[in-house]
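Here is how the chains run, residue by residue.
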Amino acid sequence: MFKKIKKLTYTRPFRIIINGLWKDNPIFCMVLGICSSLAITNRVENAIAMGLGVTFVTVATSVIISAMRNFIPSRVRMITYMVVISTFVICVDQFLKAFFPTISEAMGPYVGLIITNCIVMGRAEGFAMKNPVVYSFLDALSCGIGYTYTLLIISIIREILAFGTILRYRVMPQTWTNWVALAMAPGAFVLLALYLWIMRTLAKVEPEK
Amino acid sequence: MNTHPLLIFIAAIFPHNIALTYILGMCPLIAISKNLKTAFGMGISVIFVVTLTAVINWFVYNLILLPTNSQIISYVIFIITIAASVQLVEMLLERFFPPLQVAFGIFLPLITVNCIVLAVSLFMVLREYDFIKTVCFASGSAIGWAITIVTVSAIKEKLLLIADIPKGLKGPAITMIILGILSLAFMGFGGMVKIR
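What comes next concerns the included structure. (Residues numbered from 1 in each chain as written. Chains lettered and ligands numbered in written order. Predicted model: local features only at pLDDT ≥ 70, side-chain atom pairs only at ≥ 80, totals over all residues.)

### Structural notes on the overall build of chain B
- Helix and strand counts for chain B stand at nine helices and zero strands.
- Going residue by residue from the N terminus, the α and β elements of chain B occur as α-α-α-α-α-α-α-α-α.
- Over its C-alpha atoms chain B spans a radius of gyration of 18 Å, differing by no more than 12% from the 16 Å that the globule rule assigns to 196 residues.
- Counting across all 196 residues of chain B, residues that qualify as buried make up 45%.
- If you take every contact in chain B between residues at least 6 apart in sequence, the share linking residues at least 24 apart comes to 82%. (Helix = DSSP H or I, 4+ residues; strand = E, 2+ residues; numbered from the N terminus. Rg over C-alpha atoms; globule rule 2.2 N^0.38 Å. Buried ≥ 20, exposed ≤ 12 C-beta atoms within 10 Å, placed from the backbone. Contact = placed C-beta atoms within 7 Å.)

So this is what it looks like as structure tokens:
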């Protein structure tokens, strides 16, 4: 049994998933997609919507690009990515507007900015362009989930400290003083810096020169 | 809402700085802020490209998308306009101003995927700016971003010479801390001008 599991860890799909979730995690190893991860994480619900939106767009884009990879001339590949990505972002935007209008309002232009989220582009250029559909799907999915859980961690800390709530349910005592700075940009920057510090030490990421 | 365009310009540079209050354009801030000279080049190119694309997108949105009632595809149209105009600028520079091309050429492809170019266009639509306000807002935002990247890279250059930074903090994390302190400082401008 143990041997079987160990054997499994050497297969390609397994390696791809581990890379996306831990070793090449988009946020703390490659440091991509920072803008959205900071700007919308003051509420947990926004973080969930953003994470799922980015996951959906990454998966869909990777699958499409990977399926078309033999037909895309390399000179126009960037603009092809852009068109595919923005099409799916429009889907996410319309979906949010129709079913979750309050979240859509709170996120404002940041839904549209999934287009320029480097993670989507990075997976399309770095992985999907060279690999078959199944692997691209796994890679995009694990990267998306890796991104989502990072967003969740940051947003939970921020919402507890800045508003005393999680998903708008009060968890801190009524006497809790809200840390207003944490709901705004400075707190976000410092919190992400601390998070990067812990995670990069744990994951043993070598700092680039 | 009737704000004077000049107020929007000032507000976009200081109290509503696009990098430090809206947290946009982080990727280049982290990746290209190691060297003051490159940061300056990047800043100048961003000022130029953001203003240009915002103006083009304003015309596209108000003259084509609004009359045909097809705002739903504005994301695709905006991103294509941005990519195309960046490509065009690159080709024009190569043909007519080779020295400028050598200086700024490497930054131009990077700018296409810079969030703030698209963000300025999206904010412009969201806040329903007219033409003059769009120009002021776009150039102000870009100048604010350029100020940020130049400041960060100057601080980083000095810091790396003298400071003994812990291993996990090196690279992006220390940049985030610098940005955090800078944005605290910029919060001091907060009450200066109010725009939506």
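Structure's up, so let's keep going.
### Structural notes on the overall build of chain A
- Within chain A one finds ten helices and two strands.
- Ordering the α and β elements of chain A from the N terminus gives α-α-α-α-α-α-α-α-β-β-α-α.
- The C-alpha atoms of chain A give 18 Å as radius of gyration, which agrees with the globular expectation for 209 residues (17 Å, within 12%).
- For chain A, the C-alpha atoms occupy an extent of roughly 60 × 45 × 40 Å along the three principal directions.

### Focus: the packing of helix 3 (residues 36-65) of chain B against helix 4 (residues 74-96) of chain B
All names here are of chain B.
- It is the contact of helix 3 with helix 4, at a shortest axis distance of 10 Å, that shows an interaxial angle of 135°. Relative to helix 4, the element helix 3 is oriented oblique. You can see that helix 3 and helix 4 cross each other, and the crossing is right-handed. Across the interface between the two elements, Val49, Leu52, Thr53, Ile56, Asn57, Val60, Tyr61 and Leu65 from helix 3 touch Ser74, Ile77, Phe78, Thr81, Ile82, Ser85, Val86 and Val89 from helix 4. (Axes fitted to C-alpha atoms, helices over the stretch in contact; angles between N-to-C directions. Parallel < 35°, antiparallel > 145°, perpendicular 65-115°, else oblique. Left-handed = near helix turned anticlockwise from the far one by under 90°.)

### Quick word on the interface of chain B and chain A
- With 37 residues of chain B at the contact, the number on the chain A side is 34 residues.
- Of all the secondary-structure elements, those providing two or more residues to the side of chain B that touches chain A are helix 2 (26-31), helix 4, helix 7 (115-126) and helix 9 (172-187) of chain B.
- Sorting elements by how many residues they give to the side of chain B that touches chain A places helix 9 of chain B first, with nine residues.
- Along the lines of polarity and charge, the residues of the side of chain B that touches chain A split into 28 nonpolar, seven polar and two charged. (Nonpolar A, V, L, I, M, F, W, Y, C, P; charged D, E, K, R; others polar.)

### Some remarks on unusual backbone geometry
Residues and elements named next belong to chain B.
- A positive phi angle, close to 55°, is found at isoleucine 23, a residue other than glycine.
- Considering the arrangement of structural elements, one finds isoleucine 23 in the loop between helix 1 (5-13) and helix 2.
- A count of 26 C-beta atoms within 10 Å places isoleucine 23 in the buried class.
- A positive phi is found at asparagine 69, a non-glycine position, where the angle reads about 55°.
- Residue placement: asparagine 69 occurs in the loop between helix 3 and helix 4.

### Focus on helix 3 of chain B
Residue and element names in this part refer to chain B.
- Between its first and last C-alpha, helix 3 extends 40 Å over 30 residues, near the 44 Å set by a 1.5 Å rise per residue.
- For helix 3, the full list of buried residues reads Ala39, Met42, Gly43, Ser45, Val46, Val49, Val50, Thr51, Thr53, Ala54, Asn57 and Trp58.
- Contact partners of the buried residues in helix 3: helix 2, helix 4, helix 5 (98-104), helix 6 (108-112), helix 7 and helix 8 (131-162). (Expected span 1.5 Å × (residues − 1).)

### Side note on the environment of isoleucine 77 of chain B
Residues and elements named next belong to chain B.
- As for its placement among the helices and strands, isoleucine 77 is situated in helix 4.
- Its 18 C-beta neighbours within 10 Å are what place isoleucine 77 among the partly exposed residues.
- Distance from isoleucine 77 to valine 60, taken between C-alpha atoms, is 8.4 Å for residues 17 residues apart in sequence.
- Not counting residues within four places of it along the chain, the set of residues in contact with isoleucine 77 comprises Val60 and Leu65.

### Topic: helix 7 (residues 118-128) of chain A
- Counting buried positions over the eleven residues of helix 7 of chain A gives eight, a clear majority of the element.
- Those residues of helix 7 of chain A not exposed but buried are Cys118, Ile119, Val120, Met121, Arg123, Ala124, Phe127 and Ala128 of chain A.
- Where helix 7 of chain A is buried, its residues touch helix 4 (44-68), helix 5 (77-99) and helix 8 (133-163) of chain A together with helix 2 of chain B.

### Examining the environment of threonine 177 of chain A
- Here threonine 177 of chain A lies in the loop between strand 2 (169-170) and helix 9 (180-183).
- The spatial distance from the C-alpha of threonine 177 of chain A to the C-alpha of alanine 162 of chain A is 8.4 Å, given a sequence separation of 15 residues.

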